[in-house]
Amino acid sequence: MNTFTIVLLIVLAVMIAIVIALYFLGKKAQKRQEEQQAQMDAAAQTVALTIIDKKKMKLKDAGFPEAVTSQIPWYGKNAKMPVVKCKVGPKIMNLLCDANLFEELPLKKEVKATVSGLYITAVKGMHGHLEMDRKKKKNFRTRMMEKAKDAQAQLKAEKQKKAK
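For clarity, every value in this text was computed on a predicted model and none was experimentally measured.

## Focus: the overall build of the chain
- When helices and strands are counted, the chain shows 4 helices and 5 strands.
- What you see for the chain is a C-alpha radius of gyration of 26 Å, clearly larger than the 15 Å of a compact globule of 164 residues, by over 25%.
- For the chain, the residues scored as buried account for 17% of the 164 residues in total.
- Just so you have it, the chain exposes about 13,300 Å², and 59% of that area is on carbon and sulfur atoms.
- Taking the average location of the 32 positive side-chain charges in the chain and that of its 15 negative ones, the two points are 6 Å from each other.

## Brief notes about the sheet that holds strand E5 (residues 119-125)
- With mixed pairing, 5 strands are arranged side by side around a closed barrel as E1-E2-E3-E5-E4. Strand-to-strand twist in this sheet, taken as the mean axis angle between neighbours without regard to direction, amounts to 55°.
- With 6 bridges joining them, strand E2 (residues 80-88) and strand E3 (residues 91-97) adopt antiparallel strand pairing. Note that in E3 the partner of Lys85 across the bridge is Asn94.

## Some words on the environment of Lys112
- With respect to the secondary-structure elements, Lys112 resides in strand E4 (residues 110-116).
- Separated by 51 residues in the primary sequence, Lys112 and Ala163 place their C-alpha atoms 60 Å from one another.

## Some thoughts on the packing of aromatic side chains
- Tallied over the full model, the rule gives 2 aromatic pairs.
- Centre to centre, the rings of Tyr23 and Phe24 are 5.3 Å apart; their planes meet at 75°, and the pair counts as edge-to-face.
- On the basis of relative accessibility, which here comes to 48%, the residue Tyr23 falls in the partly exposed class.
- On the basis of relative accessibility, which here comes to 53%, the residue Phe24 falls in the exposed class.

## Some remarks on the nonpolar core
- Core analysis: the biggest nonpolar cluster contains 15 residues, and Leu49, Ile51, Val84, Ile120 and Val123 have the highest contact counts within it.
- Going through the elements one at a time, strand E1 (45-58), E2, E3, helix H3 (99-102), E4 and E5 are the ones with two or more residues in this core.
- Those residues in contact with Ile120 that lie beyond four places of it in its chain are Leu49, Val84, Leu95, Leu96, Cys97, Asp98, Leu101, Ala113, Thr114 and Val115.
- Counting residues in each nonpolar core, the second largest holds 6 residues, with Leu59, Ala62, Val83 and Leu96 among its members.

## Digging into the confidence of the model for the chain
- Taken residue by residue, the chain gives an average pLDDT of 86. The fraction at 70 or more is 93%.
- Mean pLDDT values for the elements of the chain range from 83 in helix H2 (residues 66-69) up to 94 in helix H1 (residues 3-42).

## Remarks on the side chain of Thr69
- As for its placement among the helices and strands, Thr69 is situated in helix H2.
- Here Thr69 falls in the buried class, since its relative accessible area comes to 14%.
- Side-chain polar atoms of Thr69 contact the backbone oxygen of Glu66, separated by 3.2 Å.
- Apart from the residues within four sequence positions on either side, Thr69 is in contact with Leu59, Phe64 and Lys77.

## Describing the pairing of E2
- Bridge count between E1 and E2: 9 bridges; the pairing is antiparallel. Paired with Lys55 across the bridge in E2 is Val83.
- Connecting E2 to the next strand, E3, in antiparallel fashion are 2 residues, including Gly89 with a positive phi near 65°.

## Notes on the pattern of salt bridges
- This model, assessed by the stated rule, comprises 2 salt bridges.
- The closest approach of N and O atoms between Asp53 and Lys55, which form a salt bridge, is 3.7 Å.
- Under the relative-accessibility criterion, Lys55 is labelled partly exposed at 42%.

Cut-off values and rules
Counting from 1, residues in each chain are numbered in the order their sequence is written. With the structure being a predicted model, the display of local features is reserved for residues of pLDDT at least 70 and the display and counting of side-chain atom pairs for 80 or more, all residues being used for whole-chain, interface and lining totals. Neither water nor hydrogens contribute to the side-chain values; these are computed over all heavy atoms in the structure. Helix numbers and strand numbers start at the N terminus; a helix is a DSSP run of H or I with at least 4 residues, a strand a run of E with at least 2. Radius of gyration: C-alpha atoms only; globule rule: 2.2 Å multiplied by the number of residues to the exponent 0.38. Only protein chains enter the area calculation, which uses a 1.4 Å probe; residues under 20% of their type maximum are buried, those over 50% are exposed, and those in between are partly exposed. Methods summary: accessible areas were calculated by the Shrake-Rupley approach with a probe of 1.4 Å, and residue burial reflects only the protein chains presented. Lys and Arg are tallied as positive, Asp and Glu as negative. Neither His nor the chain termini are counted. For the purpose of locating charges, the reference atoms are NZ of Lys, CZ of Arg, CG of Asp and CD of Glu. We call two strands paired when DSSP finds no fewer than two bridges between them. Each axis is a line fitted through C-alpha atoms, and for a helix only the stretch in contact is used; angles between axes span 0 to 180 degrees, taken between their N-to-C directions. What counts as a ring pair is set by centres within 6.5 Å for rings of Phe, Tyr and Trp (its six-membered ring), and what kind of pair is set by the plane angle: stacked under 30 degrees, edge-to-face over 60, tilted for all other angles. Residue types Ala, Val, Leu, Ile, Met, Phe, Trp, Tyr and Cys, when buried and joined through side-chain atoms within 4.5 Å, form a set referred to as a nonpolar core. Whether two residues are in contact is decided by their heavy atoms: any pair within 4.5 Å suffices. A residue's pLDDT is the confidence the predictor assigns to it, expressed on a 0 to 100 scale. Nitrogen and oxygen atoms within 3.5 Å of one another constitute a polar contact, given that in protein one can donate a hydrogen and the other can accept it, and given that sequence-neighbouring residues count only through two side-chain atoms. Just to be clear on terms, a salt bridge is a Lys or Arg side-chain nitrogen sitting within 4 Å of an Asp or Glu carboxyl oxygen.

If you want it as structure tokens, here you go:
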């Protein structure tokens, strides 16, 4: 055997070992996530919230109590998380929010939310459906297609004026 074949076999063996290790780590992480999700579902409550403000900020700057910030690992304190400032009954609180729900939360509106501890997991509108406070951003191709259609419509209108 030449050296190229030996090196290729070694690299292949290392790649197979990495794939097997990632498979088992992934299964372990998935079990842990399912357990955490079950705990969050057990502690979930439906609460009426008035959303005052929402922004992505570092957890150490979000104004959470010392008991909460002391439980956050060192690498998580500088991560930017979606934080929602809301009024729950007479109290004003800062709550964490699911990243998928963060964009859908309406500002200055009252909503019914499912809250588990300091974490908002689901949101329903109080009166009717939730309104998106931001329009969805159009991609480059969509904008160019709209410009092309507008230009064709103008050209067609000019041709009709000349024909008359």
